[in-house]
Structure formats: C-alpha cells, structure tokens
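Descriptive analysis of the structure
Listed below, chain by chain, are the residues.
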Amino acid sequence: EDPSLERHFKGHRDAVTSVDFSLNKKQLASGSMDSCLMIWSMKPQMRAYRFMGHKDAVMCVQFSPSGHLVASGSRDKTVRLWIPSLKGDSTVFKAHTGTVRSVHFSSDGQSLVTASDDKTVKVWTVHRQKFLFSLSQHINWVRCARFSPDGRLIVSSSDDKTVKLWDKTSRECIHSFCEHEGFVNHVDFHPSGTCIAAAGTDSTVKLWDVRMNRLLQHYQGNSVVNSLSFHPSGNYLVTASNDSTVKILDLLEGRLLYTLHGHQGPATCVAFSRAGDLFASGGSDEQVMVWKTNFDTADYCDAPKTQKSGSSVDGSHHTWVEMDCGIQHKKTRTQDSGRNHGQQEEGTSLVNTLEHIMGQLDVLTETVSILEQRLTLTEDKLKECLENQQKIIQNKTN
C-alpha cells in the first residue's frame, strides 16, 4: 500500500525548517523561520502549543529520547531546552557565535551535539547544560551533526563539501568523506550504526560504510536534497527536496520507491516516527504534513553491503546493493503464545514505568536548572543593588 497523507498542520507564519516526533507519537515538534517552535498534538481536536523565546529563526528541533524535553537551535545563536507542556518553560544557553543549524540528543538523553555557522560542532551535557568540548576542523558552515546510536561516534556535514566522522572519546576526526560536489545539507546514522547517509546541494544522497569508509550507495536526483531520515528498520530512507517532493528510497533494492507531492515549494525537512509507521515533512509553504507509511515494514535487516551499479526506475543513475542478511518475515506461532503475551505485557509495563520515572527526572532536572538560572539572576541583581548602595554612601561621605 502507498504512503498516504494523514494530518495537515497549519500555524507557522514562515517556512518550516525542522520536524520531529516524540517517542510515543502523541506529539510532533516543528521549528520555523517565524522564530517559533510549535508542538502539535496527534490527537484530533487537540490544540497546538506555540512556544516563543527565540529572537530569530528556529533552524532545528528535536525531542529528547524520553520525550520530556525538546531542544531547539536558532539563528539567534542560542540553544533552548523546552518542557513541552502548557507553560512551555525553557532554559537558554549561549551556544555558538553563529547560527545554530542542528541539535541532536544522544540515545541515552545525557548529551547534546550542536552544529553551527561558526564552523564548529559542540557537545554539551543535557542536565547541567554544561559545555564539554568543540570539534573544529570544518572550514565552512556546519549544517548538521548527529551521534551514532551507541554514542561513540559523531558525524557532521558542512558547506565545505565534506562529511566528517569523529571519535567522541578522543575528540579526533577519524575520516573525511569528500565525494560530494556541493554543500552537504544533512547527515544521519543508519539505525545499525554501521553506515551513514548524507544529502547535498549536488542533488545526491550518498551512503557510506563507516567501518571500511567506502561508498555503498549513490542516488542521483534532479534537485537539491535538504533532509533525510532512516526508517527504524534501516531498510528505507525518506528525503525532502527543493523540487517540492518527498521521496522514499528502498535501500534493500537500491531504488526509488515513491515520490510524494504534497508541498507547494521546497520540502525542507522530513522525519520518521520512532516506530516508523508515520513520517512528517515540512516545507517553505509553512505547512507540516504527517504521512502514514503503509508500506511493508516487517522486514528488518543489517546495514547495506556489496556494491553493484544500476539504473533506477526514473532513469537516474545510482549504485545499489544486495543485502546479505536474513530477512525475517512474520511467522505465525501457535504454542506458548499465551505465556509469551503475559511476559510481554509485564515487560512493557515495566518499560513504561521506567520511562515515566526517567521523564519525571528530566522534568525535575529541568526545573532545578530553571531555578538555578533564576537564582543566579537574583544574585546578580542583589550584587548590583549592594554596589549601587555603596556608591551612594561613598558619594554622601565625599
């Protein structure tokens, strides 16, 4: 079955720059050139929240793994961490000396990586919002930075036409991929962590193996690719392009699967939900669209391997791969199904409880951090008052 348009959100007053789903798919966050962050409820008839705080365009948004925080980066050079609730409290930190183009949480939710026009990639602790270190070998704007699923690597893409792979522990650049002929707008890790995909202004999407540092797949389009997102199974990739289309690539077959026309004007951003049954796209037409995936998502697989060359359905040249992995189709089980079901339910409720606790911790930490900020402000004001008083006393005695 083909992907279908599920929901249509209108509320931004300028181009949408970024979209991301919360873990439970109940909420969708979007950032826009209108300086606002919006949180949309996936339940019909539920209101959307508009969060204001950034002084300039919001370039990127992402939910924390638990879903209890949202990070945003802006042209005002700051990063904000929001509690996605009615009050919409946020803490702000001066992150870079240029536009912040990308924010990404590590999978344990403890670290945040940001990328900026100041040519650096920076890593922060989430709970204390403390700066840890900078990665600075790019020689032009850094468009995107992402943690690997295990948090040991960082990948970044830049207008210097390179994609760089970094070791988080040694803070060194392990490899530079230089095959793009234009700016590299977006990069991300395959769910397996063994390969990366990058999208560029040269109208290509390229996939590399990060263990052997070799090119696995190359898709040549006819328009600038702004954004991409891997399906959680690792078998599909969705892209957003300047020709207003959202495309779905089948990585197992190495071909273009669907081209979706929904936006009027460039499609700027795209993201699969954590379960993969939905994906969202945003455009310069100020609209956010949510699509039902619908295609067969039962196939799970390792990362792409052996390379071949071929031509895709639409005639554009690309490289494709054979996946040497056992594709597991759903099998029907008869015996023990009752017992397994009970265990699964117990496991699920335990996971839910743990997630809830983690979420509460996030909120507590965030509240403490907001209080700390207010305390610092109060202390500064008090210091100012005392200094002023001293000046008055000195002036009187003189």
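Residues numbered from 1 in each chain as written. Predicted model: local features only at pLDDT ≥ 70, side-chain atom pairs only at ≥ 80, totals over all residues. Heavy atoms only, no water.

In most cases, non-glycine residues show a negative phi, while peptide bonds are predominantly trans. Positive phi, close to 60°, is recorded for Arg171, a residue that is not glycine. With respect to the helices and strands, Arg171 occurs in the loop between β16 (163-167) and β17 (172-177). (Helix = DSSP H or I, 4+ residues; strand = E, 2+ residues; numbered from the N terminus.)

With that settled, the discussion passes to the nonpolar core. Counting residues in hydrophobic clusters, the biggest one holds 16 residues, and the most contacted among them are Val79, Phe105 and Leu112. Counting only elements with at least two residues in this core, the list comes to β6 (58-63), β8 (78-82) and β10 (100-105). The greatest single-element share of this core, amounting to 3 residues, is contributed by β10. Beyond its immediate stretch of four places on either side in the chain, Val79 contacts Ser72, Thr91, Val92, Phe93, Ala95, Val100, Val103, Leu112 and Thr114. (Core = buried A, V, L, I, M, F, W, Y, C linked by side-chain atoms within 4.5 Å. Buried < 20%, exposed > 50% of the residue type's maximum accessible area, 1.4 Å probe, protein only. Contact = heavy atoms within 4.5 Å.)

The next point concerns the sheet that holds strand β22 (residues 225-230). Consider a sheet: its strands pair through backbone hydrogen bonds, and that pairing is either parallel or antiparallel. Here 4 strands make up an open sheet; going across it, the order is β22-β23-β24-β25 and the pairing antiparallel. Here the strands that pair on one side only, and so sit at the sheet edges, are β22 and β25 (255-261). Recorded for the sheet is a direction-independent mean angle of 20° between the axes of neighbouring strands. Relative to strand β24 (residues 245-250), strand β23 (residues 236-241) runs antiparallel, the two being bridged by 5 bridges. Residue pairing in the sheet places Thr239 in a bridge with Lys247 of β24. (Pairing = 2+ DSSP bridges. Axes fitted to C-alpha atoms, helices over the stretch in contact; angles between N-to-C directions.)

All right, on to the environment of Arg80 then. Checked against the element boundaries, Arg80 lands in strand β8. Separated by 23 residues in the primary sequence, Arg80 and Val103 place their C-alpha atoms 9.9 Å from one another. With sequence-adjacent residues up to four places away left out, Arg80 is seen in contact with Gly53, His54, Lys55, Val70, Ala71, Ser72, Ser90, Thr91 and Val92. For Arg80, the side chain forms a polar contact with the main-chain oxygen of Gly53, separated by 3.1 Å. (Polar contact = N/O pair within 3.5 Å; in protein donor to acceptor, adjacent residues only side chain to side chain.)

With that settled, the discussion passes to the side chain of Thr204. Position of Thr204 relative to the elements: it lies in strand β20 (residues 204-209). Look at Thr204 and you get buried, because its relative accessible area is 2%. Side chain to side chain, Thr204 and His180 meet in a polar contact 3.4 Å long. Look past the residues within four positions of Thr204 in its chain and what remains in contact with it is His180, Ala198, Ala199, His218, Tyr219, Gln220 and Val225.

A separate point is the confidence of the model for the protein. Looking at the protein, pLDDT values average 83 and 82% of them are 70 or higher. In this model, residues 305-345 is a region of pLDDT below 50 whose contacts with residues beyond four sequence positions or in other chains number 72 contacts. (pLDDT = per-residue confidence, 0-100.)

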